[in-house]
Amino acid sequence: MKNKKIALSALFAALIFIVISIHIPNGMGGVIHFGDALIFIAATLLPFPYAIAVAAIGAGLFNLVFAPVWLPFTIVIKPIMTLCFTSKSNRILGTKRNIIAPIIGAIINTVLYFGANWILFDNNTAIAALTGLSIQGVGSIVFFFAIAIALDQAKIKSRFFSN
């Protein structure tokens, strides 16, 4: 079972890297992507330590390759987002926690990257980045629910991800 979790974690990290690589520049130095939605999905399917690793590695690899200045922030922020979720249900949306978690995760992402923009650049840049961060957050929430509903209808969690 441990090998299966490691393999699934590697798969999710690779998918997150790919999805973030397919992004839309937001015109303010940042990008809009749906990698966070996959981080959220991974956090509902995989146990806590694996979800943290998936978030840090998947998003971190993108920053390592394409935007190294963001790497230290990403490997801290993305794992924090996973703490909102639980994998302790036989369905992705089987708990109130997982229904509320993507909203909290998107808020965490927005607030912490706002702070990162403030640290790296200045207050005007940080304020300007809020629009892109907010759009990304809302998109990731919608994308998460669309994927979660489809996976729950297919009973993916109970079939392949027993706790």
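Note that the coordinates shown come from a computational prediction; the quantities given were computed from them, not determined experimentally.

**Some thoughts on unusual backbone geometry**
No. 1: Residue Lys-155 is not a glycine yet carries a positive backbone phi of 55°.
No. 2: Positionally, Lys-155 belongs in the loop between helix 6 (123–153) and helix 7 (156–160).

**Topic: the confidence of the model for the protein**
No. 1: Scored by pLDDT, the protein comes out at a mean of 94, with 98% of its residues at no less than 70.
No. 2: Ranking the elements of the protein by mean pLDDT puts strand 2 (residues 31–32) last, at 80, and helix 4 (residues 71–82) first, at 98.

**Things to note about the nonpolar core**
Here is a general trend for soluble globular proteins: nonpolar side chains tend to be buried in one another's company.
No. 1: Residues Phe-12, Ile-41, Leu-46, Phe-85, Ile-92, Tyr-113 and Phe-144 are the most contacted members of the largest nonpolar core, which totals 38 residues.
No. 2: Sort the elements by how many residues they give to this core and helix 2 (residues 35–45) lands first, with eight residues.
No. 3: Setting aside residues no more than four positions away along its own chain, Leu-46 makes contact with Lys-5, Leu-8, Ser-9, Phe-12, Ala-51, Val-54, Ser-87 and Phe-161.

Definitions and cut-offs
- Residues numbered from 1 in each chain as written.
- Predicted model: local features only at pLDDT ≥ 70, side-chain atom pairs only at ≥ 80, totals over all residues.
- Heavy atoms only, no water.
- Helix = DSSP H or I, 4+ residues; strand = E, 2+ residues; numbered from the N terminus.
- pLDDT = per-residue confidence, 0-100.
- Core = buried A, V, L, I, M, F, W, Y, C linked by side-chain atoms within 4.5 Å.
- Buried < 20%, exposed > 50% of the residue type's maximum accessible area, 1.4 Å probe, protein only.
- Contact = heavy atoms within 4.5 Å.

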